[in-house]
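Given next are the chains, with one letter for each unit.
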Amino acid sequence: MKIKTRTHNICKILKAIYPHVKTQLQHRNPFELLVATILSAQCTDKQVNSVTKKLFDTLASPDDFVNASLEDIEKLIRPTGYFRNKAKNIRNCSKMLMEKYNGDVPGTLEELLELPGVGRKTANVVLGAAFGIPGMVVDTHVKRISKRLGLTKNTDPAKIEFDLMKIIPQKEWNDFGLRLIYFGRAVCKARKPNCPDCPLCHLCEYSDKSA
DNA sequence: CTCCCGATAT
DNA sequence: ATATCAGGAG
């Protein structure tokens, strides 16, 4: 079967299972989403949400983060891991927002990628969820599942991003990434993928058909 | 390629 | 007790 038609079938099935998808990261504005997404590096959304309520209650704006001590920020975000790097990144990021964007979050991929602690995954999450701009988020779930499904042969997330953009219609980019993430958490898990109950089993090169 | 770190599954 | 999970920077 051709890659595009196979992909189309995969899209259709995922859309039927997860009709409405959105980031699980709790946020009330683009800045909170940006911070939450930086925190989500190598960390589950659930874990991020467990710290952001108190974090944003204490520090609400880029200005607040710039004026806070690194120690205070570190203390608030510690459970998300890599807290020294993240605290530094979020504060420097806030400083750049103040200096270059009047405290607003910029709305292009290029500008977002300039921000400390913001890579392609984070930038695409913010583009999609805060600005409604098409972007293909390639996190660990998207990477794992794309490879298992045979949608890419690449290992580099940026290359996977471009591979997926070629075979998925642009309108679907944001939702497709989100759906793979939902699907990755529930079925196509890193440790014990539930192949026997998988709705994509027949379209999958990886699937364990023996069970 | 290495470093950064806590939480959870096994 | 330890392996595994989860992105970005240098």
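Residues numbered from 1 in each chain as written. Chains lettered and ligands numbered in written order. Predicted model: local features only at pLDDT ≥ 70, side-chain atom pairs only at ≥ 80, totals over all residues. Heavy atoms only, no water.

**Overview of the pattern of salt bridges**
Alright, step 1. In the structure shown here, the tally under the stated rule is 6 salt bridges.
Alright, step 2. A salt bridge links arginine 179 to aspartate 175; its shortest N-O distance comes to 3.9 Å. Note that arginine 179 and aspartate 175 are positioned in helix H11 (residues 173-186) at a spacing of 4 residues, about one turn of the helix.
Alright, step 3. Classification of arginine 179 by relative accessible area gives buried; the value is 4%.
Alright, step 4. Given a relative accessible area of 28%, aspartate 175 falls into the partly exposed group. (Salt bridge = Lys/Arg side-chain N within 4 Å of Asp/Glu carboxyl O. Helix = DSSP H or I, 4+ residues; strand = E, 2+ residues; numbered from the N terminus. Buried < 20%, exposed > 50% of the residue type's maximum accessible area, 1.4 Å probe, protein only.)

**Re the protein's contact with DNA strand C**
Alright, step 1. Not every one of the 19 residues close to DNA strand C is listed here, only the nearest: Gln42, Gly117, Thr122, Thr140 and His141.
Alright, step 2. Among all atoms of DNA strand C positioned within 4 Å of the protein, those belonging to sugar or phosphate total 60%.
Alright, step 3. Between DNA strand C and lysine 121 there is a distance of 3.1 Å, counted from a phosphate oxygen to a side-chain nitrogen or oxygen.
Alright, step 4. Between threonine 140 and DNA strand C, the recorded distance is 3.0 Å, taken from a backbone N or O atom to a phosphate oxygen.
Alright, step 5. Those elements that provide at least two residues to the surface near DNA strand C are helix H8 (120-131) and helix H9 (140-148). (Near = heavy atom within 4 Å. Polar contact = N/O pair within 3.5 Å; in protein donor to acceptor, adjacent residues only side chain to side chain.)

**Quick word on the packing of aromatic side chains**
Given two aromatic rings, one states the distance between the centres and the angle between the planes to describe the pair.
Alright, step 1. In the structure shown here, the tally under the stated rule is 2 aromatic pairs.
Alright, step 2. Residues phenylalanine 31 and phenylalanine 65 carry aromatic rings whose centres are separated by 5.7 Å and whose planes lie at 70° to one another, so their mutual orientation is edge-to-face. Of the two residues, phenylalanine 31 sits in helix H2 (residues 30-39) while phenylalanine 65 sits in helix H4 (residues 62-67), which places them 34 residues apart along the sequence.
Alright, step 3. By relative accessible area, which is 6% here, phenylalanine 31 ends up buried. (Phe/Tyr/Trp six-rings, centres within 6.5 Å; stacked < 30°, edge-to-face > 60°.)

**Here's the deal with the protein's contact with DNA strand B**
Alright, step 1. Every residue near DNA strand B is listed here: Gln47, Arg78, Pro79, Gly81, Tyr82, Phe83, Arg84, Asn85, Arg191 and Lys192.
Alright, step 2. Take the atoms of DNA strand B that sit within 4 Å of the protein: sugar and phosphate atoms are 64% of them.
Alright, step 3. Taking tyrosine 82, its side chain carries an N or O atom lying 2.3 Å from a base nitrogen of DNA strand B.
Alright, step 4. Between DNA strand B and the protein, one listed contact pairs a phosphate oxygen with a side-chain N or O atom of arginine 84 at 2.9 Å.
Alright, step 5. The element best represented in the surface near DNA strand B is helix H6 (residues 83-101), accounting for 3 residues.

**Topic: the side chain of threonine 37**
Alright, step 1. Note that threonine 37 resides in helix H2.
Alright, step 2. Residue classification places threonine 37 among the buried positions, given a relative accessible area of 0%.
Alright, step 3. At 2.6 Å, the side chain of threonine 37 and the backbone oxygen of leucine 33 are in polar contact.
Alright, step 4. With sequence-adjacent residues up to four places away left out, threonine 37 is seen in contact with Leu25, Lys121, Thr122, Val125 and Val126. (Contact = heavy atoms within 4.5 Å.)

**Concerning H11**
Alright, step 1. For H11, with 14 residues, the first-to-last C-alpha span of 20 Å sits near the 20 Å given by 1.5 Å per residue.
Alright, step 2. In the core, the buried residues of H11 are packed alongside helix H1 (3-17), H9 and helix H10 (157-167). (Expected span 1.5 Å × (residues − 1).)

**Examining the domain arrangement of chain A**
Alright, step 1. Per the domain assignment, the segments of chain A are domain 1 (3-19 + 136-203) and domain 2 (30-131).
Alright, step 2. The centre of domain 1, based on its C-alpha atoms, is set 27 Å off from the matching centre of domain 2.
Alright, step 3. Across the boundary between the two partners, domain 1 contributes 9 residues, which contact 6 residues of domain 2.
Alright, step 4. Counting the surface lost from both domain 1 and domain 2, the interface buries some 550 Å², and carbon and sulfur atoms represent 52% of this.
Alright, step 5. The interface formed by domain 1 and domain 2 holds 3 residue pairs in polar contact (both at pLDDT 80 or more) in total.
Alright, step 6. Listing elements by their share of the side of domain 1 that touches domain 2, those giving two or more residues are H10 and H11.
Alright, step 7. Broken down by element, the residue count for the side of domain 1 that touches domain 2 peaks at 3 residues, all from H10.
Alright, step 8. Of the residues that constitute the side of domain 1 that touches domain 2, the class distribution is 5 nonpolar, 1 polar and 3 charged. (Domains from an automatic or database assignment. Buried area = accessible area lost by both parts, 1.4 Å probe. Nonpolar A, V, L, I, M, F, W, Y, C, P; charged D, E, K, R; others polar.)

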